[in-house]
Amino acid sequence: MKISGILKPLKDIKPVTDFLKLLDSLSTATPAEGLVSRVNKTEDSSDDDKEIVANLRLTNKLLSYHISKFESVLDNLNDGIMIFDSSGRVLAMNHIMEQLLNLKRGDIKGKHVRECQGGNGILDFVLEHSESIDKLVEKTADINVGSSYLRVSYKTLIRGDGHPNGSLLIAKDITSQKLADQVKIEFLSHVSHELKTPLNTIKAYTEMLIGGDVAGRDTIVEFCNTMNEEAGRLSTLINNLLHLSKIEMGGLVLSRSMTRTKEFIEGIFKVATAQKKKNINYELILPEKIPPVNIDKEFMGIVLMNLIGNAIKYTPEHGKITLRVDEEVDRLMIHVIDTGIGISEEDMPHIFDKFYRSSDAQVRHKTGHGLGLSIAKQIVELHDGEIRVISKKGEGSQFTVVLPIEERYFLE
Ligand code: ADP
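Each value, and the rule that gives it
- Residues numbered from 1 in each chain as written.
- Predicted model: local features only at pLDDT ≥ 70, side-chain atom pairs only at ≥ 80, totals over all residues.
- Heavy atoms only, no water.
- Helix = DSSP H or I, 4+ residues; strand = E, 2+ residues; numbered from the N terminus.
- Buried < 20%, exposed > 50% of the residue type's maximum accessible area, 1.4 Å probe, protein only.
- Contact = heavy atoms within 4.5 Å.
- Areas by Shrake-Rupley, 256 points an atom, 1.4 Å probe, with all protein chains shown as cover.
- Near = heavy atom within 4 Å.
- Polar contact = N/O pair within 3.5 Å; in protein donor to acceptor, adjacent residues only side chain to side chain.
- 1 Å grid on protein atoms, 1.4 Å probe; cavity = no way out; pocket = protein on both sides within 12 Å on 5 of 7 lines; lining within 4 Å.
- Sits in = over half its atoms within 2 Å of the grid points.
- Axes fitted to C-alpha atoms, helices over the stretch in contact; angles between N-to-C directions.
- Parallel < 35°, antiparallel > 145°, perpendicular 65-115°, else oblique.
- Left-handed = near helix turned anticlockwise from the far one by under 90°.
- Pairing = 2+ DSSP bridges.
- Points joined across faces, edges and corners; volume = space filled by probe spheres on them.
- Nonpolar A, V, L, I, M, F, W, Y, C, P; charged D, E, K, R; others polar.
- Domains from an automatic or database assignment.

### Comments concerning the overall build of the chain
Broken down by element type, the chain carries 12 helices and 12 strands. The buried share of the chain, taken over its 412 residues, is 41%. Contacts in the chain between residues far apart in sequence, at least 24 positions, make up 58% of those at least 6 positions apart. As displayed, the chain offers around 24,000 Å² of accessible surface, 53% of which is attributable to carbon and sulfur atoms.

### Focus on the site of the ligand
Taken together, 21 residues sit near the ligand, with Asn310, Tyr314, Asp338, Arg357 and Leu373 positioned nearest. Lys313 is positioned such that a nitrogen or oxygen atom in its side chain is 3.0 Å from an oxygen atom of the ligand. Between an oxygen atom of the ligand and a main-chain N or O atom of Gly372, the distance comes to 3.3 Å. Taking 530 Å² as the accessible area of the ligand by itself, protein coverage stands at 97%. When atom positions are compared with the pocket grids, the ligand is found to occupy the largest pocket. Elements with a contribution of two residues or more to the shell around the ligand: α10 (297–313), α12 (372–382) and β12 (396–404). The leading source of residues in the shell around the ligand is α10, at 3 residues.

### Here we look at the packing of helix α9 (residues 261–272) against α10
In contact at an axis separation of 10 Å, α9 and α10 are set at 45° when each is read in the N-to-C sense. Relative to α10, the element α9 is oriented oblique. Of the two elements, α9 crosses α10, and the hand of that crossing is right-handed. For the pair formed by α9 and α10, the contact residues are Phe264, Ile265, Ile268, Phe269, Val271 and Ala272 on the first element and Lys297, Met300, Gly301, Leu304, Met305, Ile308 and Ile312 on the second.

### Quick look at the pairing of strand β3 (residues 138–145)
The pairing of β3 with strand β4 (residues 148–158) spans 8 bridges and is antiparallel. Across the sheet, residue Asp142 finds its bridge partner in β4, namely Arg151. The antiparallel pairing of β3 with β4 creates a hairpin that spans 2 residues between the two strands, and Gly146 there sits at a positive phi of about 60°.

### As for the pairing of strand β5 (residues 164–173)
When strand β1 (residues 80–84) meets β5, the two strands line up antiparallel, connected through 5 bridges. Across the sheet, the residue bridging to Met82 is Leu169, located in β5. Across 8 bridges, β4 lies against β5 in antiparallel orientation. Note that in β5 the partner of Ser153 across the bridge is Ile170. In this structure, the hairpin formed by β4 and β5 is closed by a connection of 5 residues, where Gly162 is found at a positive phi of approximately 90°.

### Some points on the sheet that holds β4
Pairing is antiparallel in the open sheet, where 5 strands are placed in the order β2-β1-β5-β4-β3. Looking along the sheet, the strands with just one partner apiece sit at the ends: β2 (90–93) and β3. Pairs of neighbouring strands in the sheet enclose a mean axial angle of 20°, with direction left out of account.

### Regarding the sheet that holds strand β10 (residues 331–338)
Within a beta sheet, neighbouring strands are joined by backbone hydrogen bonds and run either parallel or antiparallel to one another. Spatial ordering of the open sheet is given by β7-β9-β10-β12-β11, a layout of 5 strands whose pairing is mixed. The open sheet is flanked by β7 (281–285) and β11 (386–392), the only strands paired with a single partner. Taken pair by pair, the neighbouring strands of this sheet meet at an average axis angle of 15°, ignoring direction. For β7 and strand β9 (residues 320–328), the ladder comprises 5 bridges, and the chain directions are parallel. Bridge pairing links Asn281 to Lys320 in β9. Sitting on the sheet, α10 touches β7, β9, β10 and β12, and the angle it makes with β12 is about 170°. Across the sheet, α12 lies against β11 and β12, angled at about 140° from β11, the strand it touches most.

### Observations regarding the layout of surface pockets
As a volume, the largest pocket reaches approximately 1,800 Å³. Taken together, 50 residues make up the lining of the largest pocket; nearest its centre are Gly309, Asn310, Lys313, Thr367 and Gly368. Secondary-structure elements contributing two or more residues to the lining of the largest pocket are α8 (217–248), α9, α10, β10, α12 and β12. For the lining of the largest pocket, the per-class residue count stands at 17 nonpolar, 21 polar and 12 charged. If you count residues domain by domain, the lining of the largest pocket takes at least three from each of domain 2 (178–252) and domain 3 (254–412).

Okay, structure coming up:
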């Protein structure tokens, strides 16, 4: 909203305020009423007096209307607003400013900014610049108030004839913007680090191979395997980042279709467990008939691959991984159950956060970027479903994807 818009009602009431100053000497509930009762008490009041009374009544009504209109405009703004006259006295302020300053408007209206106690540093900012306000056009600063950040702007109000006419203070809560900036910086530094580590390894190994410092076929193969693994890590990270940015920018449009649940899960389970690197027992338990689910096969595939991949990664040799599907009234539950390292109570609230990895050595020992569960959760939620987890440190974990069953029929 433009400042001129906010101030218009004030301008409107200016003549009325001047007029009321004349009536201030009357110690009655409202100035106009005072004069009205005086005139009424005078027995020989003339027609002129009666007209004055009528005009005063009207003026009084108009004044109340304009003040309440002006205050309600200010109170409906989302930023804190405070208006000072040209001598630095508080003319008006809104609810938000009251909350930000932790002061009541009734206590400070009419006072000079110097006389207003408190104000969380906001009023110090005004004081700092109030001397130069006649020349000042606008001064803006970010102020830290407790755990919040405020962007305060103090500007001169310029009259139509170009002369300064008081000043205006606007305070905007920018806490969420500041936090988002902080997250962005942390995200960038994290991603740069995660990209640099495998790249450095690949570069070092390549240089050694090119320099002919590596002797023997076995060592060369070992070097190539390491480089291949690091390239794989890079590619997983980049894919995850691409998925994440697509989801978070709201650009992920699911391409959903009614899908044969049984075939879909069997296919994913087969691919996810194909690289039987470890001595792990795999089990797939599916009901005889499962209703179809309305999913984007590619993205739901990413979810299940992540969950099964984690189960394999965090389950030591001789463990067991089970994928079981249960049906509840109108929901399908896809459980990925492992007998692995489990999740501690401290880690549990954070495992779906971006880049979160437990500080536990058993987790740190495995490769990962802490993005898989965050992506999985967001994809499932885009499908109107949810992910649940039950886990006990040292015993294992159960991740459950809950999906709505939209239509209860079976695709032949
Ligand atoms: P990543 O596996 O790449 O670290 P994820 O987002 O997939 O990232 O998982 C986040 C964290 O959740 C992991 O670092 C780990 O601490 C924990 N976690 C996930 N799945 C399991 C599991 N099946 N068993 C034990 N811990 C798990």
